Amino acid sequence: MLLEATKARKGRLFQLPGGHVDAEELAAHGEREACRVAAARELVEETGLDMRESMHRLVPVDMEAMGEKGHKLQQSRRRYYRLDINDSDSVQDIMTGPGGSFRGRRLATPLSMEDFRLCLSHEHTGFKFERDGAAAAEAVAQHSGGYNKQAVLLIEGLRDV
């Protein structure tokens, strides 16, 4: 799943769902589990997909096991997770947050036209499912200084193109 965003300096681009680990998450869970908790939190904030009660579905990717490039990504303090989603994960309602609403949220269907909906945050203008690993890597190349492109290539077992 790739999230579409428009940035002032970069224009239209695609990115992976993600963000930062909060200090409270680190204090409460330790680094390893805090990363998964943060991934679940960011996923629900950005897409409406709520895995907080099903965190076992967020499977950590062992970047260290993927050679030197994987080791460098791990050292950059980035963590990646796999999540297999299915039709029952489709978001049915606009989510509400603390105080009754998340401003700017909207239900969206994918640009790739599958029958699936997400509740996108205000920073995202669309999303698509990209099953081709090389195409997904190229789509996210403009975001994160190329880190996510390299991660997608490694995870999909592809060489840099």
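Because the structure is a prediction, the values reported are computed rather than measured. (Residues numbered from 1 in each chain as written. Predicted model: local features only at pLDDT ≥ 70, side-chain atom pairs only at ≥ 80, totals over all residues. Heavy atoms only, no water.)

Let's talk about helix α2 (residues 67-75)
What sets the pattern is the α-helix's 3.6 residues per turn: residues three or four places apart point alike. Along α2, the residues that are buried comprise Gly70, Leu73 and Gln74. One side of α2 carries all its buried residues, which in axial view fall inside an arc of 100°. Exposed and oriented more than 90 degrees from the buried face of α2 are Glu68, Lys72 and Gln75. In this structure, the buried residues of α2 make contact with α4 (147-155). Of the residues flanking the end of α2, it is arginine 77, one or two places downstream, whose phi is positive at about 70°. (Buried < 20%, exposed > 50% of the residue type's maximum accessible area, 1.4 Å probe, protein only. Helix = DSSP H or I, 4+ residues; strand = E, 2+ residues; numbered from the N terminus. Arc of directions from axis to C-beta. Contact = heavy atoms within 4.5 Å.)

Some remarks on the packing of α2 against α4
Viewed as axis vectors pointing N to C, α2 and α4 meet at an angle of 135°, and their least axial separation amounts to 10 Å. Classified by the angle between their axes, α2 and α4 sit oblique to one another. Considering how the two elements wind past one another, α2 and α4 form a crossing that is left-handed. For the pair α2 and α4, the contacting residues are Lys69, Gly70 and Leu73 in the first and Tyr147, Gln150, Ala151 and Leu154 in the second. (Axes fitted to C-alpha atoms, helices over the stretch in contact; angles between N-to-C directions. Parallel < 35°, antiparallel > 145°, perpendicular 65-115°, else oblique. Left-handed = near helix turned anticlockwise from the far one by under 90°.)

Brief notes about the layout of surface pockets
What the largest pocket holds in volume is close to 1,600 Å³. Per element, the largest residue contribution to the lining of the largest pocket is eight residues, and it comes from helix α1 (residues 23-47). Of the residues assigned to the lining of the largest pocket, the class counts are 20 nonpolar, ten polar and 17 charged. Taken as a whole, the second largest pocket holds about 240 Å³ of empty space. Lining of the second largest pocket is provided by 13 residues; of these, Arg32, Pro60, Gln74, Arg79 and Tyr81 occupy positions nearest its centre. For the lining of the second largest pocket, the leading source of residues is α1, giving five residues. Broken down by class, the residue content of the lining of the second largest pocket amounts to six nonpolar, one polar and six charged. (1 Å grid on protein atoms, 1.4 Å probe; cavity = no way out; pocket = protein on both sides within 12 Å on 5 of 7 lines; lining within 4 Å. Points joined across faces, edges and corners; volume = space filled by probe spheres on them. Nonpolar A, V, L, I, M, F, W, Y, C, P; charged D, E, K, R; others polar.)

Concerning the sheet that holds strand β1 (residues 2-7)
Read across the sheet, three strands follow the order β2-β1-β7 without closing on themselves; strand pairing throughout is antiparallel. Of all the strands in the sheet, just β2 (11-15) and β7 (126-128) have a single pairing partner and so form its edges. Neighbour-to-neighbour, the strand axes of this sheet turn through a mean angle of 30°, independent of strand direction. As paired strands, β1 and β2 are joined by five bridges and run antiparallel to one another. (Pairing = 2+ DSSP bridges.)

Let's talk about α1
End to end, α1 covers just 22 Å across 25 residues, shorter than the expected 36 Å (1.5 Å per residue, more than 12% under). The sharpest bend along α1 measures roughly 120° and falls at glycine 30. Following α1 by one or two positions, glycine 48 adopts a phi angle in the positive range, close to 85°. (Expected span 1.5 Å × (residues − 1). Bend = angle between axes of the 7 residues up to and from the residue.)

What about the pattern of salt bridges?
This structure, assessed with the given rule, holds 14 salt bridges. For aspartate 22, the salt bridge identified is with arginine 41, shortest N-O distance 3.6 Å. Here aspartate 22 is found in the loop between β2 and α1, whereas its partner arginine 41 is found in helix α1, with 19 residues between them in sequence. For aspartate 22, a relative accessible area of 31% gives the class partly exposed. Overall, the relative accessible area of 15% leaves arginine 41 in the buried class. Notably, a salt bridge pairs arginine 57 with aspartate 89, separated by 2.7 Å at the nearest N-O pair. Highlighted residues: arginine 57 in the loop between α1 and β3 (59-60) and aspartate 89 in the loop between β4 (81-82) and β5 (106-108), separated in sequence by 32 residues. For aspartate 89, a relative accessible area of 12% gives the class buried. Beyond isolated ion pairs, a larger network of salt bridges with shared partners links Asp22, Glu25, Arg41, Glu42 and Glu45. (Salt bridge = Lys/Arg side-chain N within 4 Å of Asp/Glu carboxyl O.)

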